[in-house]
Amino acid sequence: MPSFLKDLTPFYGTGEKNSDGKTLEQFLEEYDPYKYRTPCCTTDAVVFSHSGQPVSKDTAFKVLLIKRKNHPSIGFWALPGGFINLEENLEETARRELEEETGVQGLAVEQFACYGDWNRDPRARVITTAYMALTEESRVKVQAGDDAADAAWCVIHVDETSRRETGEYREVIYALKAENREKEISLSAVVKRTERKGLIREKKYSVSEGGGIAVDHAAIIVQAFLLLKERISAGDTED
């Protein structure tokens with residue numbers, strides 16, 4: 001099939017032919033991108049807000065959640081996100097999906113994680129790239145749209161409930177609570193962080209109890225929240 005890209009200049013390498021005697025153009029003409037079953041790609045955005053006062057270790061944060069109006073996890077609360085378009089960079093997807101589902105736009109977004117367990121979505125093999133953002137709540141207007149039945153700012157609490165060392169691993173359990181009293185939203189989840197000790201710190205966040213939060217989104221929220229708190233503790237409070 002024809003090349004996915006019009007400009008092949010960056011991909012010629014040394015310009016030689018391959019072991020089958022084919023040029024890059026000939027190779028691409030015969031290449032079948034559907035030879036292997038490939039996963040789908042999505043993005044999810046963890047958007048935190050604050051009241052507008054200088055951010056500190058005592059700042060009360062909220063997280064933006066949407067209520068799913070379609071399968072899977074219909075009726076559960078989730079992060080705004082969705083599938084990438086073919087000719088779209090990941091951060092563009094994160095911003096587009098955020099705007100389509102909540103009306104929020106113009107925020108700086110930072111990629112911080114990738115979640116790709118094979119059984120995280122019943123529709124297909126779906127790998128999501130997680131982004132985070134921070135804003136003053138009064139600066140944005142939230143309005144549900146697209147796949148969202150509702151959208152709401154929820155006060156967020158993340159508390160460490162236990163910690164144990166098991167050989168070369170460290171395991172920490174967190175209790176996540178997200179609440180919006182006006183909309184009678186009260187979500188409680190349990191997230192486990194498993195980390196290998198040493199210079200290479202293999203780390204995984206997983207959901208033990210979802211508590212009405214879709215898929216693995218509770219784990220994504222906790223990971224983002226801990227990263228935000230870590231930066232605040234280090235004095236990185238320019239936002």
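This structure is a prediction, so every number in the text was calculated from the model and none was measured.

Caption draft 1: The overall build of the protein, seen in detail. The secondary structure content of the protein amounts to three helices and ten strands. By its C-alpha atoms, the protein is 65 × 50 × 40 Å across when sized along the principal axes. Expressed as a percentage of the 239 residues in the protein, the buried residues total 37%. For the protein, the share of sequence-separated contacts (at least 6 apart) that also reach a separation of at least 24 residues comes to 58%. Accessible surface, the protein as shown: approximately 14,500 Å² in total, 48% of it carbon and sulfur. Charged side chains of the protein number 32 positive and 41 negative; the gap between the two group centres comes to 5 Å.

Caption draft 2: Fine view of the packing of aromatic side chains. All chains considered together, the criterion is met by four aromatic pairs. Relative to Phe-225, the ring of Phe-61 has its centre 6.5 Å away and its plane inclined at 85 degrees; by these criteria the two rings are edge-to-face. Of this pair, Phe-61 sits in the loop between strand E1 (40-50) and strand E2 (62-68) while Phe-225 sits in helix H3 (residues 217-233), and the two are 164 residues apart along the sequence. For the pair shown, Phe-61 and Phe-225 are each scored as buried. One aromatic cluster in this structure is built from Phe-48, Phe-61 and Phe-225.

Caption draft 3: Spatial organisation of the nonpolar core. Ranked by size, the top nonpolar core spans 37 residues in total, and within it Val-46, Phe-48, Phe-61, Leu-65, Phe-112, Ile-156 and Leu-176 carry the most contacts. Counting residues per element, the ones that place at least two in this core are E1, E2, strand E5 (110-115), strand E6 (126-136), strand E7 (148-166), strand E8 (169-180), strand E9 (185-196) and H3. Among the elements that take part in this core, H3 stands out by supplying ten residues, more than any other. With residues near it in sequence (within four places) discarded, Leu-65 still touches Trp-77, Ala-78, Leu-79, Asp-150, Ala-151, Ala-152, Cys-154, Ala-178, Leu-187 and Ile-221. In terms of nonpolar packing, the next biggest core, distinct from the first, is built from twelve residues, Val-104, Leu-107, Tyr-131 and Ala-133 among them.

Caption draft 4: Geometry of the environment of Val-191. When you line up the elements, Val-191 lands in strand E9. Given the relative accessible area of 0%, Val-191 is considered buried. A C-alpha to C-alpha distance of 26 Å links Val-191 and Glu-91, two positions 100 residues apart in sequence.

Caption draft 5: Examining unusual backbone geometry more closely. With omega at -5 degrees, the peptide bond leading from His-71 into Pro-72 counts as cis. Looking at the element boundaries, Pro-72 is found in the loop between E2 and strand E3 (77-78). With a phi close to 60 degrees, Ser-73 is a non-glycine residue in the positive phi region. Along the chain, the position of Ser-73 falls in the loop between E2 and E3. Positive phi is not limited to glycine here, since Glu-184 has a value of about 55 degrees. Positionally, Glu-184 belongs in the loop between E8 and E9.

Caption draft 6: Here's a closer look at H3. Compared with the 24 Å implied by 1.5 Å per residue over 17 residues, the 24 Å span of H3 between its first and last C-alpha is a close match. Where burial is concerned, most of H3 is hidden: twelve out of the 17 residues are buried. Residue Gly-235 follows H3 closely and has a positive phi angle near 95 degrees.

The rules behind these values
- Residues numbered from 1 in each chain as written.
- Predicted model: local features only at pLDDT ≥ 70, side-chain atom pairs only at ≥ 80, totals over all residues.
- Heavy atoms only, no water.
- Helix = DSSP H or I, 4+ residues; strand = E, 2+ residues; numbered from the N terminus.
- Buried < 20%, exposed > 50% of the residue type's maximum accessible area, 1.4 Å probe, protein only.
- Contact = heavy atoms within 4.5 Å.
- Areas by Shrake-Rupley, 256 points an atom, 1.4 Å probe, with all protein chains shown as cover.
- Lys, Arg positive; Asp, Glu negative; His and termini not counted.
- Charge placed at Lys NZ, Arg CZ, Asp CG, Glu CD.
- Phe/Tyr/Trp six-rings, centres within 6.5 Å; stacked < 30°, edge-to-face > 60°.
- Core = buried A, V, L, I, M, F, W, Y, C linked by side-chain atoms within 4.5 Å.
- Expected span 1.5 Å × (residues − 1).

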